[in-house]
Amino acid sequence: MNAPYLLPAMLALAVGTYALRWTGPALRHRLRLSARTIHLLDTGALILLAALVATATLPTGSGELGVALPAGVAVGGVLAWRRAPLLVTVLAAAATTALLRLVGVH
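Residues numbered from 1 in each chain as written. Predicted model: local features only at pLDDT ≥ 70, side-chain atom pairs only at ≥ 80, totals over all residues. Heavy atoms only, no water.

Teacher, can you tell me more about the overall build of the chain here?
Looking only at helices and strands, the chain has four helices and zero strands in total. Counted from the first residue to the last, the chain has its helices and strands arranged as α-α-α-α. Per-residue burial for the chain yields a buried fraction of 7% across its 106 residues. Contacts in the chain between residues far apart in sequence, at least 24 positions, make up 42% of those at least 6 positions apart. Counting every atom, the chain has about 9,000 Å² of accessible surface; 72% of that belongs to carbon and sulfur. (Helix = DSSP H or I, 4+ residues; strand = E, 2+ residues; numbered from the N terminus. Buried < 20%, exposed > 50% of the residue type's maximum accessible area, 1.4 Å probe, protein only. Contact = heavy atoms within 4.5 Å. Areas by Shrake-Rupley, 256 points an atom, 1.4 Å probe, with all protein chains shown as cover.)

Please explain the confidence of the model for the chain as it appears in this structure.
A low pLDDT score tells you not to read the predicted coordinates there in detail. When pLDDT is averaged across the chain, the result is 87; 92% of the residues are at 70 or more. Within the chain, no element has a lower average pLDDT than helix α2 (residues 35-57), which sits at 87, and none a higher one than helix α4 (residues 86-102), at 93. (pLDDT = per-residue confidence, 0-100.)

I tried to follow unusual backbone geometry on my own but got confused; where do I start?
Across residues other than glycine, the phi torsion is negative in most instances, and most of the peptide bonds are trans. Located in the positive-phi region is Arg83, a residue other than glycine, with phi close to 65°. With respect to the helices and strands, the residue Arg83 is situated in the loop between α3 (68-81) and α4. Take Arg83: its relative accessible area is 77%, and that puts it in the exposed class.

Is there a simple way to explain α3 in this structure?
Given 3.6 residues to a turn, an α-helix orients residues that are three or four positions apart in the same direction. Taking 1.5 Å per residue as the helical rise, α3 with its 14 residues ought to reach 20 Å, and the 20 Å between its terminal C-alpha atoms agrees with that figure. For α3, the set of buried residues is Ala68, Gly72 and Gly76. Angularly, the buried residues of α3 cover 70° about the axis, an arc narrow enough to put them on a single face. Against α4 lie the buried residues of α3. (Expected span 1.5 Å × (residues − 1). Arc of directions from axis to C-beta.)

Written as structure tokens, this is what we have:
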């Protein structure tokens, strides 16, 4: 990347991010969304999260999908479904993957 454009680009992204984060609380009581719109936004967030999990879990170039990583994601998914605390869910998923890899299951 060209060095003279780096700092202005970073500043523009910082200002844009701050502006987006500010508009939520600022417009909370001024903007009314229909029940259908709220449902669509909730569904969209769920789909985005599922896509993030899928891209983080599945291999992107090696073509080799082991058992340890999907097992860890499955443990995390079950704990999240059972409404376990986020810290417990993340630690259990990471521990499952790490322990399976430690015993030689990849």
